[in-house]
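Letter by letter, the chains look like this.
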Amino acid sequence: SPYSAISVHALHPLYLRLGALPDLPADIIADINKTTAALNAANTTTVDGQSGAVLDRPLDYEKVMSEKMRLLRRIYEAAGKKVVESEAFAEFLVEQGHWLKAYSLFCVLRDTYGCADPSQWGDLGSVSFSQIDTLASPGGKKYSSCRYWYW
């Protein structure tokens, strides 16, 4: 569910306006536009002068999320890595690490194990704050994977 929050700090990717992200290469902008058009074509809308646009058919949530995540991975590879490697981002991580490291590690493990149930993650299902910091910090075993979620 898009209303199932795993963090009070992190924005759900559904709400990102991908075309508004900075430093997008032209090929990714074209991919965003093509994907958006295809997803929108699957829906018909009627516009009521008083209430605005009303969807006749609901959006396919799973398809929208799948496409957004695919595009976000492309954007991260093309432009996001530079952000994560910046000095300003290092400062942000120091300031926000208290929640961001745990959130990012959760996302990495959820995706690695294919479920959000920590009891299914073996030894990584129950880790201390110290272990989270070690795993999700530079030099940690999960740091390179966490960087995407930091971004």
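So, a few notes on the structure that sits alongside this text.

Reading guide: rules and limits
Residues numbered from 1 in each chain as written. Predicted model: local features only at pLDDT ≥ 70, side-chain atom pairs only at ≥ 80, totals over all residues. Heavy atoms only, no water. Helix = DSSP H or I, 4+ residues; strand = E, 2+ residues; numbered from the N terminus. Expected span 1.5 Å × (residues − 1). Buried < 20%, exposed > 50% of the residue type's maximum accessible area, 1.4 Å probe, protein only. Arc of directions from axis to C-beta. Contact = heavy atoms within 4.5 Å. Core = buried A, V, L, I, M, F, W, Y, C linked by side-chain atoms within 4.5 Å. Axes fitted to C-alpha atoms, helices over the stretch in contact; angles between N-to-C directions. Parallel < 35°, antiparallel > 145°, perpendicular 65-115°, else oblique. Salt bridge = Lys/Arg side-chain N within 4 Å of Asp/Glu carboxyl O.

## Observations concerning helix H1 (residues 26-41)
Argument step 1. Relative to the 22 Å expected for 16 residues at 1.5 Å per residue, H1 spans 22 Å between its end C-alpha atoms, a close match to the ideal helical length.
Argument step 2. Within the span of H1, buried status applies to Ile28, Asp31, Ile32, Thr35 and Leu39. Considered in projection along H1, the buried side chains sweep an arc of 100 degrees and stay on one side of the axis. Away from the buried face of H1 by more than 90 degrees, exposed residues Ala26, Lys34 and Ala41 are located.
Argument step 3. On the buried face of H1, the contacting elements are helix H2 (61-84).

## Structural notes on the nonpolar core
Argument step 1. Of all hydrophobic cores here, the largest spans 29 residues; its most connected members are Ile32, Trp149 and Tyr150.
Argument step 2. Secondary structure elements with two or more residues in this core: H1, H2, helix H3 (87-113), helix H4 (129-136) and helix H5 (143-150).
Argument step 3. No other element matches H3, which puts nine residues into this core.
Argument step 4. When residues no more than four places from it in sequence are discounted, the contact partners of Ile32 are Leu18, Gly19, Leu24, Leu71 and Ile75.

## Looking at the packing of H3 against H4
Argument step 1. The geometry of H3 relative to H4 is characterised by a closest axis approach of 9 Å and an angle of 75 degrees between their N-to-C directions. The angle between the axes of H3 and H4 places the two elements in the roughly perpendicular class. On H4, the residues that touch Lys101, Ala102 and Leu105 of H3 are Ile132, Asp133, Leu135 and Ala136.

## Re the pattern of salt bridges
When the charged atoms of two side chains lie near each other, side chains of opposite charge can form a pair.
Argument step 1. Going through the model one piece at a time under the given rule, you end up with nine salt bridges.
Argument step 2. Between Glu85 and Arg147 there is a salt bridge, with the nearest N and O atoms lying 3.0 Å from each other. Highlighted residues: Glu85 in the loop between H2 and H3 and Arg147 in helix H5, separated in sequence by 62 residues.
Argument step 3. Of the residues examined, Glu85 reaches a relative accessible area of 53% and is grouped as exposed.
Argument step 4. Exposure remark for Arg147: the relative accessible area of 13% places this residue in the buried category.
Argument step 5. Put simply, Asp111 and Arg110 hold a salt bridge, and the shortest N to O gap is 2.9 Å.
Argument step 6. The class for Asp111 is partly exposed, based on a relative accessible area of 42%.
Argument step 7. Bridged by salt links that share partners, the residues Asp27, Asp31, Lys63, Glu67, Arg70 and Arg74 form one connected network.

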